[in-house]
Amino acid sequence: MSPKNVIFKKMAKDKSVGVYMAKRDFVDRVDSVDPVDGVVLVDPEVLKGKKAFVQLSCTFRYGREDMDVMGIAFSREIYVAIRQVYPPIQDKEQSTHTKMQGKLLRKLGDNAFPFFFEFPDNLPCSVGLQPGRKDSGKQCVVEFEVKAFSAESQQAKVRKRSTVHLMIRKLQYAPEKSGTAPSVETTREFVMSDKPLHLEASLDKEIYYHGEPINVCVNITNSSNKNVKNIIVSVDQVATVVLYSNDSYVRAVALEESGDAVAAGASLKKVYTLTPLLVCNRERRGIALDGKLKHEDTNLASSSIVKEGVLKEVLGILVSYRVMVKLIIGGEVGVELPLTLMHPKPDLGREQRAGRGDGV
């Protein structure tokens, strides 16, 4: 998260415009999203009659920037909103929505102007697929950006020297109320056996925080004449690129091949503990990660929570998690348990995560 009492600022190379923001992380609560606000500082002498604008955009990129050739862009703008900040269209007091904006305006003086955007409720969160070791540049990613620029008009060509970009993130936190702890069971009958094999699996809760161990209770009653040769338990991440292809990437982000066996007529009850962490998956192409800002680390992508009625096709990349339990008996007998993996709200999770690390 963005540190408190820190102002993020960035100036264009020609000093015509600069952006000042109190935070770069904005929380999606499903029913509402933090507004994006800040201040643009202009230099009228450098502008020389030009106007200053600020833009909020959400872009889905599915190819490297250096692949944008022959007029074909491997990206799609999901959302763009632009405001003119200079010359101001509204009175400063009417355009000032937060105390931090007021403080910045007083500190920066008469050439500072506020801006304010509200996210629509159908935008994805910041997420991207981890590139392979030999890949370079941006790969498949949903990213948000605040851009300030000076130009003759909103449609006029914009010089790079007169533009400033500041990346931001849209994040979700785990709901305060958890649902029922997942459980599942299955019975498998075999042609050459009079009695079946019964498998039960359960979790102790529905929502887990990044870096938190996941306990999987497995209960096997093997009344058949088949031997269970191995038990494999995994936490799978399912990342579905819904915007253009609906491709799904399924990766085991935590895995235990226990080697446990259950002979014919025997039973086993055991708890397997797995902890999905990015540090164990850094070299693996296609793992979904939460969006990151420059020079900051990140973590495995959080589960996507989608508002009811929103078209999933515009959400870029959807992420979910499941626990898989497989019994190896020549073939396989398996079950899956859905789970939610997210960050706790900072005020709720600070004490719980103390001493456990940041989950990356």
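Conventions and cut-offs
- Residues numbered from 1 in each chain as written.
- Predicted model: local features only at pLDDT ≥ 70, side-chain atom pairs only at ≥ 80, totals over all residues.
- Heavy atoms only, no water.
- Helix = DSSP H or I, 4+ residues; strand = E, 2+ residues; numbered from the N terminus.
- Areas by Shrake-Rupley, 256 points an atom, 1.4 Å probe, with all protein chains shown as cover.
- Pairing = 2+ DSSP bridges.
- Axes fitted to C-alpha atoms, helices over the stretch in contact; angles between N-to-C directions.
- Core = buried A, V, L, I, M, F, W, Y, C linked by side-chain atoms within 4.5 Å.
- Buried < 20%, exposed > 50% of the residue type's maximum accessible area, 1.4 Å probe, protein only.
- Domains from an automatic or database assignment.
- Contact = heavy atoms within 4.5 Å.
- Salt bridge = Lys/Arg side-chain N within 4 Å of Asp/Glu carboxyl O.
- Patch = residues over 30% accessible without salt bridge, like charges linked within 9 Å, V, L, I, M, F, W, Y side chains within 5 Å.
- Lys, Arg positive; Asp, Glu negative; His and termini not counted.
- Charge placed at Lys NZ, Arg CZ, Asp CG, Glu CD.
- Phe/Tyr/Trp six-rings, centres within 6.5 Å; stacked < 30°, edge-to-face > 60°.
- Lys NZ or Arg CZ within 6 Å of the ring centre and 35° of its normal.
- Polar contact = N/O pair within 3.5 Å; in protein donor to acceptor, adjacent residues only side chain to side chain.
- Arc of directions from axis to C-beta.

Visitor: Tell me about the overall build of the protein chain, and name the residues and values.
Guide: Secondary structure summary: the protein chain contains four helices and 20 strands in total. Surface exposure of the protein chain reaches about 19,000 Å², of which carbon and sulfur atoms provide 48%.

Visitor: Provide a residue-level description of the sheet that holds strand β19 (residues 317-329), including the pertinent values.
Guide: Ordered in space as β13-β20-β19-β15-β16, the five strands form an open sheet in which the pairing is mixed. What marks the edges here is a single partner per strand, and that holds for β13 (207-209) and β16 (247-257). Neighbouring strand axes in the sheet, compared pairwise and without regard to direction, differ in orientation by 35° on average.

Visitor: I'd love a proper account of the nonpolar core, names of residues and values included.
Guide: Residues V36, F115, V216, I317 and V323 are the most contacted members of the largest nonpolar core, which totals 72 residues. Looking at which element gives the most residues to this core, the answer is β19, with seven residues. Lining this core are residues from two domains, each supplying at least three of them: domain 1 (8-172) and domain 2 (183-342). Those residues within four positions of V216 in sequence are excluded, and the remaining contacts are S202, L203, V233, K270, V271, Y272, L274, V323, V325 and L337. Core analysis: the next-biggest nonpolar cluster, separate from the first, contains six residues, Y20, L104, L105 and A112 among them.

Visitor: Which residues make up the pattern of salt bridges, and what are the values?
Guide: As enumerated under the stated definition, the model contains eight salt bridges in all. Among the salt bridges present, the one from K23 reaches D34, with a minimum N-O distance of 3.2 Å. With K23 in the loop between β2 (17-21) and β3 (25-28) and D34 in the loop between β3 and β4 (36-42), this residue pair connects regions lying eleven residues apart in the sequence. K23 sits in the partly exposed class, given a relative accessible area of 30%. Residue class for D34 comes out buried when judged on its relative accessible area of 11%. Of the charged contacts, one joins D25 and R169 as a salt bridge, the two residues approaching to 2.7 Å between their closest N and O atoms. Placement of D25 in strand β3 and of R169 in strand β10 (residues 163-172) is noted, with a sequence separation of 144 residues between them. With respect to burial, D25 and R169 carry one shared label: buried. Overlapping salt bridges bring together K23, R29 and D34 as one network.

Visitor: Describe a positive patch on the surface, and please don't skip the residues or the numbers.
Guide: A contiguous patch of positive charge, built from K13, R159, K160 and R161, is present on the exposed surface. Inspection of the secondary structure assignment puts R161 in the loop between β9 (140-151) and β10.

Visitor: Would you mind going over the packing of aromatic side chains in detail, with residue names and values included?
Guide: Throughout the structure, instances matching the rule amount to five aromatic pairs. Considering the side-chain rings of F26 and F119, the 6.5 Å spacing of their centres and the 65° angle between planes classify their relative orientation as edge-to-face. Taken together, the positions of F26 in strand β3 and F119 in the loop between β7 (112-117) and β8 (127-129) put the pair 93 residues apart, joining distant regions of the chain. Through a chain of ring-to-ring contacts, the aromatic side chains of F26, F119 and F144 assemble into a single cluster. It is K147 that lies over the ring of F149; its NZ or CZ is 5.4 Å from the centre. Stacked on the ring of Y209, the Lys or Arg K205 has its end atom at 6.0 Å from the ring centre.

Visitor: Help me get a handle on the side chain of Q237, residues and values and all.
Guide: Structurally, the position occupied by Q237 is in strand β15 (residues 230-241). Among the polar contacts made by the side chain of Q237, one reaches the main-chain amide nitrogen of A288 at a distance of 2.8 Å. If we skip the residues at most four places from it in the chain, Q237 touches Y249, V250, R251, V253, G286, I287, A288, L300, A301, V319, S320 and Y321.

Visitor: Got a sec to walk through the pairing of strand β20 (residues 331-342)? Specific residues and values, please.
Guide: Consecutive side chains along a regular strand alternate between the two faces of the sheet. In this sheet, β20 lies alongside β13 in parallel orientation, the contact comprising three bridges. Counterpart to I207 in the pairing with β20 is T340. Adjacent in sequence and paired antiparallel, β19 and β20 are bridged by one residue, among which G330 carries a positive phi angle near 75°.

Visitor: Any chance you could break down helix α3 (residues 99-108) for me, citing the residues and the numbers?
Guide: Those residues of α3 not exposed but buried are Q101, G102, L104 and L105. The buried residues of α3 occupy one face: seen down the axis, they fall within an arc of 165°. Those residues of α3 that are exposed and angled more than 90 degrees off the buried face are K99, R106 and K107. On its buried face, α3 sits against β2, β4, α2 (92-95) and β7. Immediately beyond the C-terminal end of α3, within one or two residues, lies G109, with a positive phi of roughly 95°.

Visitor: Break down unusual backbone geometry for me, citing the residues and quoting the values.
Guide: That bond from Y86 to P87 is cis: its omega, -10°, falls within 30 degrees of zero. Checked against the element boundaries, P87 lands in the loop between β6 (75-86) and α2. We note that K15 has phi near 65°; this positive angle belongs to a residue other than glycine. Structurally, K15 is set in the loop between β1 (8-11) and β2. At K48, a residue that is not glycine, the phi angle is positive and equals roughly 50°. Tracing the backbone through its elements, the reader meets K48 in the loop between α1 (44-47) and β5 (51-62).

So, to be careful, I would describe these as geometric facts and stop short of saying anything about function.
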